[in-house]
Every structure is written in C-alpha cells, then in structure tokens.
Amino acid sequence: MGSIPDPGELTELTRPSFDEFQRQTSLMTSCTLLWKELSDHFTSLEQDLQKKSEALKHKIQTLDNQTKASLASLKKREVTIDGSVEIALERVEEHKELALKSLSDPDYENPDGEVDDGDGSFMVLKSLCLTMESRGFWNFVITKKKEIEILRKQIPLSLAECVDPAKFVIEAISEVFPVDKRGERSGEKGNDLGWACVLILESLIPVVVDPVIGKSRLLVTPSVKERAKEIAETWKKSLEERGGIENVKTPDVHTFLQHLVTFGIVKKDDVDLYRKLVVGSAWRKQMPKLAVSLGLGDKMPDMIEELISRGQQLDAVHFTYEVGLVDKFPPVPLLRAFLKDAKKAAASVLEDPENTGRAAQLAARKEQSALRAVIKCIEDYKLEARFPPENLKKRLEQLEKVKTEKKRPAAVPANKRTRASNGGPMPPAKAGRLTNAYVSSFPAPPTFVRSPSHTQYPTGVPAYPSPPAVYGSRSPPSPYAYSPEAAPPIAGSYPVAPLNYPAYGGYGNGFAPAYQQAYYR
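- The protein chain carries the name FRIGIDA-like protein in an unreviewed UniProt entry, which gives Salix viminalis as its organism.

Structure (structure tokens):
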C-alpha cells in the first residue's frame, strides 16, 4: 500500500489544461441543451394530454346530451304513439266513409265545401284518391305536365283523402318504377315520366308525417314499408342490366333517391352508392337537399371537390350553400371558373370541323346558357355585391341581338315579272329558264329578215339601251347579244346610212340612245 501524502507537505500542483476546460464547458452546454429539450418534450406531452382530456370530456358531454335527447325523443315518441295512431285511425275512418259515399253516389262531391279554382283538376284528383283508383290517378297526372306547379299544390291535398296514401302512391308509380312496364305493350318507353314519379313521391311526404312530432316519424304501415324496400332492391339489381351507374338516366336516379327519402328506407351500407348517384346527377335542382336527407352530409366536402374537378362549378355552388361550406368553397371564384370553362367550350365548338355549318350558333347557345345560369345563381344567393352581373347581362344581350339578327328573313328580291316603271310589257314567265335567254323590260324591237327580192334592207327600229347585265334573268347574258360596234359583218349586206332620232324622254340626257340591229339568217 502506498503511503498517504501529508497534507502539510508541499507537492507540485498540476496546471489545468485549456483543452480540458473547453471539454468541460462543452459537456455542460450539451447537458443544458438536453435538459431543455427533455423539459420541452415533457411539457408538450403534458399539454397534449390535457387537450385530449378536454376533448374526451367534451365528447362525453356531447354523448351524454345526445343520449338524453334521444331518450327524451324516444319517450316522446312512445307517449305520442297512441295519440298519433288515434288521429290516423280517425282519418282512415273518415276517408273510408267518404270513399264509400263517393262510390255509392257518383254525384257526391266536394263534401267540405272546397272550391276548385282551376279547371276541375283538383276535384278529379280528390275523387280518384278517395276511391283509391291509382291507375286513373297516374293517367291523369301524366297528362298535366304543363300544369306541374298547380299539381304541386293539389296532389298533397288530394293524397290526404286516401285511406292508405303510401300504398296508393306505390301502386300509382308502379307503371314505370322500379321497372318501366310500358315497353312490354307499346313503344312509349321513350317518353320520360320520371318527373311525375318525383312529383308524386315529394307530395306524399307532408301526408305521411306524424301529426304530433313531425318528420321524425312517418306514418307508413310495416307492410307498405317492406314493399318499398323490395322495390328499392329491385331497382338496384336492375343497374347491372342497364350497364352500371354511368348508363342510368337521371330521371330514374332521381326517382330512386326520392323513393328512399319518402319512405324512410335509407341504408348506411349503401352510402357509397348514393354518393355516386348524387354526383352523377348533381345538376338536378333537388339533389343538394336529397344528398343531405340521404345522410351524405359528412361526405359533402369530397363531393364538392369532385364536382369542381369535373368542371361542374355551378353545381358545386348549390351544394356549398346547402351544407354551409361557403367559407371553404367561396362561390365567386367557382362561378368565374365556370364561365371561363364555358367560353373555352364555345371556342372548341367553333374550331370543330364537323360543325362548320352550325358552329357559331352552337357556340353562342353554350355561352348564353352559361351566362343565364350564373346570373340566376347570383340573384338566388344575393351575390351582386361580390360579383356584379351587369357585364354578364350586357354580354347576354349582345349574343341575343346577334341571334335575332341572324333569324331575320332575308330581303325578298323584286318580282322578276314586275312591270317596268315606264309601263312596258312584262317579260315571259319562264324566260329565265332558257339557255342564253336575255330578258328585258323594254319593248322588243321589230326584226327585219333578209328577203331574196330585196337587195337593201332598211335599218331596223333601234332598240333601247341594254339594261344591266342579267337583269330579270337567272342565266348569264347571251354571248350572242352584242353591240353594233362589235357586230361582225353579215355576208351579203350593204352599208346603210345611220338614222338620227330625237332624244328619248325617259332618259332626259339630250342624246339619242345607242341602238343595236337584230337579224335572222
């Protein structure tokens, strides 16, 4: 073992190294930075945990509120079932009695003293609904397409007279939905009646809503609801026969979606199908509301972006206003982009060699349609302050003015047989059809024919100056009509002194007109 040095003994001190000092300083700095980094990390973790805790508390509170609201709604529905059923049964009995009276007494009409201010269509609809004549009801509605706005008011009131409105509507539209049966009997399949189906289905909603709690409960019997589900499944299966979603007509899509909403049979498993159908028929006015009713509210941002990417900016604007995403998708840039695309489309039509004859008309029509749609959108959503429509209206007026000028009839040419102003004879009606025929409105000069018994011919009565070329004739001037200066000498003719005539009053120029001689060989 080594001896322990005496503290009192002087020993040689080791001089500290500067490199060691730097090393120690660097180590302290690294430790300080590491401590700060760890401290910040743990602080961040603590803040994240606090935020997540608050979010969980908010979700729990929201769920508690939703649970309470759902329980309250269920309790209200349960309490109101008896009252709603009683009201429905009273209506059924009342309508049943009215229907029986209507069947037993054909003259029994208008028991409530209602006055039909139209052409009697309301009373006809009401009578058909009372007697549950669905086929007659359908046939009557499809003949009134021009009066669709009147029907929109009358059909709900008429359906209220049915004993079972939901069943009545299903039977009424069964002619064309879910499968069009008309093609089996006649060639009517080309006549689209989707508008009638949608109109009737929309009109059924206010009739079947619960009179106590409203739209949250539809008064549709289980058997009718099950039948509506079967119809929806039949339509979905028919998609494959039609060649997929892309080949389905928009009226059929609209009818199907309205059918789901009207009878309350929307399925969560089919949300992707609904989304594709809505986007494919987004130009329909009712599609934004239908999309919300189908439970597509959460998918709206993606749907709007898809519409924009497909060049349907105007439809995207309608969807944004329906779900309140105006801040995320400002409407004015979308409308400007829509107009820009419309102008490009019109320009491409003008450059299309296959439409050379109608290119200008088709291009103007495309631009006019786009301008009208944007102007209406600006007016509907009160965007005048952000997008003044004055310039758009001026452009529309210009296009309509050009279209009107092109439609004006061309000036009718003067009648070729019109008598000349100097009262001369009318030319032959068919003179213009003869080859090399020259027609003049001036009197024809007499013609002198060479005779063997005469050696010299008197100068023929001069003709009046030739009128403008091809006057009154569809044929070009005859190559044989020539002036005396250009006339070739005629064999056997003798020189004749020219005759002087006084000036012709019709010209008033003081000079005798130049005449030409006519000969026959």
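There is more to say after this.
Concerning the pattern of salt bridges
- On inspection of all chains with the given rule, the structure shows 16 salt bridges.
- Linking Glu 149 and Arg 152 is a salt bridge whose minimum nitrogen-to-oxygen distance equals 3.7 Å. Here Arg 152 and Glu 149 lie together in helix H4 (residues 148–159), a separation of three residues that amounts to about one turn.
- Given the relative accessible area of 33%, Arg 152 is considered partly exposed.
- Glu 379 is paired through a salt bridge with Lys 393; the nearest N and O atoms lie 4.0 Å apart. Here Glu 379, found in helix H14 (residues 359–380), pairs with Lys 393, found in helix H15 (residues 390–407); they are 14 residues apart in sequence, far enough to count as distant.

Quick word on helix H5 (residues 165–173)
- Of all the nine residues making up H5, seven are buried; the element is thus mostly covered by neighbouring parts of the structure.
- For H5, the complete set of buried residues consists of Pro 165, Ala 166, Phe 168, Val 169, Ile 170, Ala 172 and Ile 173.
- In this structure, the buried side of H5 is in contact with helix H2 (121–130), helix H3 (134–141), H4, helix H6 (194–208), helix H7 (222–241) and helix H8 (250–263).

Some details on the side chain of Gln 258
- With respect to the secondary-structure elements, Gln 258 resides in helix H8.
- Residues in contact with Gln 258, not counting those within four places in the same chain, are Val 198, Leu 201, Glu 202, Ile 205 and Leu 290.

A few points about the packing of H6 against H8
- Remark: H6 packs on H8, axes separated minimally by 9 Å, with the N-to-C direction vectors making an angle of 15 degrees. With respect to each other, H6 and H8 are oriented roughly parallel. For the pair H6 and H8, the sense of crossing is left-handed. Two secondary-structure elements touch here, H6 through Gly 194, Cys 197, Val 198, Leu 201, Glu 202, Leu 204 and Ile 205 and H8 through Pro 251, His 254, Thr 255, Gln 258, His 259, Thr 262 and Phe 263.
- Counted by class, the contact of H6 with H8 contains seven nonpolar, six polar and one charged residues.

Examining a negative patch on the surface
- A cluster of like negative charges, contributed by Glu 78, Asp 82, Glu 86, Glu 90, Glu 93, Glu 94 and Glu 97, occupies part of the molecular surface.
- Tracing the chain through its elements places Glu 90 in helix H1 (residues 18–104).
- Exposure remark for Glu 90: the relative accessible area of 48% places this residue in the partly exposed category.

Some points on the pairing of strand E2 (residues 214–218)
- Of the pairings in the sheet, the one linking strand E1 (residues 209–210) to E2 comprises two bridges and is antiparallel in character. Paired with Asp 210 across the two strands is Gly 214, which belongs to E2.
- Hairpin connection of E1 to E2: three residues between the antiparallel strands.

Looking at the packing of aromatic side chains
- Applying the stated criterion across every chain, the model contains three aromatic pairs.
- Look at Trp 235 and Phe 256: their rings are 4.1 Å apart centre to centre, the planes differ by 10 degrees, and that puts the pair in the stacked class. Taken as a pair, Trp 235 in helix H7 and Phe 256 in helix H8 lie far apart in primary sequence, 21 residues in all. Pair check on accessibility: Trp 235 and Phe 256 agree, each one buried.
- On the numbers, 4.0 Å between centres and 10 degrees between planes, the contact of Tyr 321 with Tyr 381 is stacked. Placement of Tyr 321 in helix H12 (residues 313–323) and of Tyr 381 in the loop between H14 and H15 is noted, with a sequence separation of 60 residues between them.
- Tyr 321 gets classed as partly exposed once you look at its relative accessible area, which sits at 25%.
- Just above the ring of Phe 387 sits the side chain of Arg 336; from NZ or CZ to the centre is 4.3 Å.

Thresholds applied
Residues numbered from 1 in each chain as written. Predicted model: local features only at pLDDT ≥ 70, side-chain atom pairs only at ≥ 80, totals over all residues. Heavy atoms only, no water. Salt bridge = Lys/Arg side-chain N within 4 Å of Asp/Glu carboxyl O. Helix = DSSP H or I, 4+ residues; strand = E, 2+ residues; numbered from the N terminus. Buried < 20%, exposed > 50% of the residue type's maximum accessible area, 1.4 Å probe, protein only. Contact = heavy atoms within 4.5 Å. Axes fitted to C-alpha atoms, helices over the stretch in contact; angles between N-to-C directions. Parallel < 35°, antiparallel > 145°, perpendicular 65-115°, else oblique. Left-handed = near helix turned anticlockwise from the far one by under 90°. Nonpolar A, V, L, I, M, F, W, Y, C, P; charged D, E, K, R; others polar. Patch = residues over 30% accessible without salt bridge, like charges linked within 9 Å, V, L, I, M, F, W, Y side chains within 5 Å. Areas by Shrake-Rupley, 256 points an atom, 1.4 Å probe, with all protein chains shown as cover. Lys, Arg positive; Asp, Glu negative; His and termini not counted. Charge placed at Lys NZ, Arg CZ, Asp CG, Glu CD. Pairing = 2+ DSSP bridges. Phe/Tyr/Trp six-rings, centres within 6.5 Å; stacked < 30°, edge-to-face > 60°. Lys NZ or Arg CZ within 6 Å of the ring centre and 35° of its normal.

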